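Below are the chains, spelled out letter by letter.
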Amino acid sequence: MQSASDDMIWEVINHQFCSFKTTIGKALSDKQHFCRHPYSVTGLCNRTSCPLANSKYATLREDDGRVHLFLKTVERAHSPKNLWEKIYLSRNYTKALAQIDEHLQYFPKVLIHRNKQRLTKIHQYLIRMRKIELKVRAGKKAKLVRVHRKVEQREERRERKALVAAKIESVLEKELTERLAKGAYGDIYNFPESPYQKALLGAEEEEEEEEDEETEVATDEEEEEMVEYVEDLDSELEEDEEEDMEDAGDYMGDGQWGARGSDDDEDDDDDDTNKEGDSDEDSKEAKKPEKKRGRRKGPRVEIEYEEEREDQHQD
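Nothing here was measured: the structure is a model prediction, and the numbers come from that model.

Engineer: How should I be thinking about empty space enclosed by the protein in this particular structure?
Structural biologist: By rolling a water-sized probe across the atoms, one finds the places where empty space is left. Scanning the model with the defined rule gives one cavity of 30 Å³ or more in all. Taken as a whole, the largest cavity spans an internal volume of roughly 60 Å³. Residue composition of the lining of the largest cavity, by class: nine nonpolar, two polar and one charged.

Set out below in structure tokens:
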């Protein structure tokens, strides 16, 4: 039964300050409070396990291989010197359990159970200590290995991340479906039909997607090969426009077309004078390339040629 003073002490310890309280873990979800009081039964900081906030309390302690039962009652609360009653327990495990039942018959059952668990742990590590001591006396040096808590936590985190990244379940499922499809196991397994068909459909869809990707890549390569580069047509259009402008410059008005200029006639006269002994057919053939230029027809111009022969010069 808890008293008012115990509740007040717990309110102060829990919400304000306690010199025996310690916290492990940085995150709020991982934080856990422990108690470093030497008379604590469980080592946890809670209402039932707190030796300060319970006027009726019992715990076990080990000293030089001997286990002692410590009892705290309300009747001795006025004398802090005699607050804890110390009882020696037997070295025999069964007898020690019987002594705990005898002295704690009026205590809460939760507290009795915690003390029995503590007695079991103490006996276990006492047995290990005796075995190590016997090995040392026999000349065999005992090898003590320390526990690296931070290293173990780091390795556990890495293992969890590796399992998530490996996707073992999906890989195993795929491998088993492939073996079942090949008939590696025969008829020795009775597996449901629907998951098997579902897995097969998933594998077929993956194969179809890979084939579609390959065909797309092949079509892209063909399209790249079909592309050709040609010359721009603007240069040809500009030449045609220049010829049209030259033809428009020959137009005299009133439906009459004139010669392009005196320069062309002079060039023709010079070319004709340099030629000797040519006939009229030669002059007609010289005019043919001008018709091929695509000029428009204009008024007919007659040109007279003077021919000088060697006979006239001799006369």
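Moving on from the model shown.
Engineer: Sorry, what's going on with the pattern of salt bridges here?
Structural biologist: Once the charged atoms of two side chains with opposite charge are near each other, the side chains can pair. Evaluation of the coordinates by the stated rule reveals six salt bridges. Across the salt bridge formed by Arg 76 and Glu 85, the nearest N and O atoms sit 3.8 Å from each other. Arg 76 gets classed as partly exposed once you look at its relative accessible area, which sits at 22%. For Glu 85, a relative accessible area of 35% gives the class partly exposed.

Engineer: What should I look at first to understand helix 1 (residues 4-15) in this one?
Structural biologist: A turn of α-helix holds 3.6 residues, and therefore any two residues three or four places apart point the same way. End to end, helix 1 covers 17 Å across 12 residues, agreeing with the expected 16 Å (1.5 Å per residue, within 8%). Three or more residues of helix 1 are buried, namely Asp 6, Trp 10 and Ile 13. Around the axis of helix 1, the buried residues are gathered within 65° of arc, so they sit on the same side. Of the exposed residues in helix 1, the ones pointing more than 90 degrees away from its buried face are Ala 4, Met 8 and His 15.

Engineer: Help me understand the packing of aromatic side chains, please; the structure alone is not making it clear to me.
Structural biologist: For any pair of aromatic rings, the description consists of the separation of the ring centres together with the inter-plane angle of the planes. In this structure the tally under the stated criterion is three aromatic pairs. Between Tyr 39 and Trp 84 the ring centres are 4.4 Å apart and the planes differ by 10°, which places this aromatic pair in the stacked class. One end of the pair, Tyr 39, is in the loop between strand 2 (32-35) and strand 3 (57-63); the other, Trp 84, is in strand 5 (residues 84-88), with 45 residues separating them in the sequence. Here Tyr 57 and Trp 84 contribute two aromatic rings whose centre-to-centre distance is 6.3 Å and whose plane-to-plane angle is 85°, an arrangement assigned as edge-to-face. In this pair, Tyr 57 is assigned in strand 3 and Trp 84 in strand 5, connecting sequence segments 27 residues apart. Aromatic rings pair up to connect Tyr 39, Tyr 57, Phe 70 and Trp 84 into one cluster. The ring centre of Tyr 39 lies 5.2 Å from the NZ or CZ of Arg 61, which sits over that ring.

Engineer: Could you clarify how one ought to interpret the nonpolar core in this entry?
Structural biologist: Looking at soluble globular proteins, one finds that nonpolar side chains tend to be buried together. If you look at the biggest cluster of nonpolar residues, it comprises 18 residues, and the most contacted ones within it are Leu 60, Val 67, Leu 71, Leu 89, Leu 104, Phe 107 and Leu 119. When residues of this core are traced back to their parent elements, those giving at least two are strand 3, strand 4 (66-72), helix 2 (93-103) and helix 3 (109-137). If one sorts the elements of this core by residue count, helix 3 sits on top with five residues. Excluding anything up to four places from it in sequence, Leu 104 contacts Ala 58, Leu 71, Ile 112 and Asn 115. If you look at the next biggest cluster of nonpolar residues, it comprises five residues, including Trp 10, Ile 13, Cys 18 and Cys 50.

Engineer: Would you explain the packing of helix 2 against helix 3 in this entry?
Structural biologist: Two packed helices can be described by the angle between their axes and the distance between those axes. It is the contact of helix 2 with helix 3, at a shortest axis distance of 11 Å, that shows an interaxial angle of 160°. Our classification of the angle between helix 2 and helix 3 gives roughly antiparallel. In terms of crossing hand, the pair formed by helix 2 and helix 3 is right-handed. Side by side, helix 2 and helix 3 meet where Tyr 93, Ala 96, Leu 97, Ile 100 and Asp 101 of the first sit next to Ile 112, Asn 115, Lys 116, Leu 119, Thr 120 and His 123 of the second.

Engineer: I'm lost on the sheet that holds strand 4 in this one. Help?
Structural biologist: Read from one edge of the open sheet, three strands run 3-4-5, paired in antiparallel fashion. Looking along the sheet, the strands with just one partner apiece sit at the ends: strand 3 and strand 5. Across the sheet, the mean angle from the axis of one strand to that of its neighbour is 25°, orientation sign disregarded. Pairing between strand 4 and strand 5: five bridges, direction antiparallel. Residue Leu 71 lies in a different strand from strand 5, and its bridge partner there is Glu 85. Against the sheet, helix 3 touches strand 3 and strand 4, its axis set at about 5° to strand 3.

Conventions and cut-offs
- Residues numbered from 1 in each chain as written.
- Predicted model: local features only at pLDDT ≥ 70, side-chain atom pairs only at ≥ 80, totals over all residues.
- Heavy atoms only, no water.
- 1 Å grid on protein atoms, 1.4 Å probe; cavity = no way out; pocket = protein on both sides within 12 Å on 5 of 7 lines; lining within 4 Å.
- Points joined across faces, edges and corners; volume = space filled by probe spheres on them.
- Nonpolar A, V, L, I, M, F, W, Y, C, P; charged D, E, K, R; others polar.
- Salt bridge = Lys/Arg side-chain N within 4 Å of Asp/Glu carboxyl O.
- Buried < 20%, exposed > 50% of the residue type's maximum accessible area, 1.4 Å probe, protein only.
- Helix = DSSP H or I, 4+ residues; strand = E, 2+ residues; numbered from the N terminus.
- Expected span 1.5 Å × (residues − 1).
- Arc of directions from axis to C-beta.
- Phe/Tyr/Trp six-rings, centres within 6.5 Å; stacked < 30°, edge-to-face > 60°.
- Lys NZ or Arg CZ within 6 Å of the ring centre and 35° of its normal.
- Core = buried A, V, L, I, M, F, W, Y, C linked by side-chain atoms within 4.5 Å.
- Contact = heavy atoms within 4.5 Å.
- Axes fitted to C-alpha atoms, helices over the stretch in contact; angles between N-to-C directions.
- Parallel < 35°, antiparallel > 145°, perpendicular 65-115°, else oblique.
- Left-handed = near helix turned anticlockwise from the far one by under 90°.
- Pairing = 2+ DSSP bridges.

Coordinates in, geometry out; function isn't part of it.
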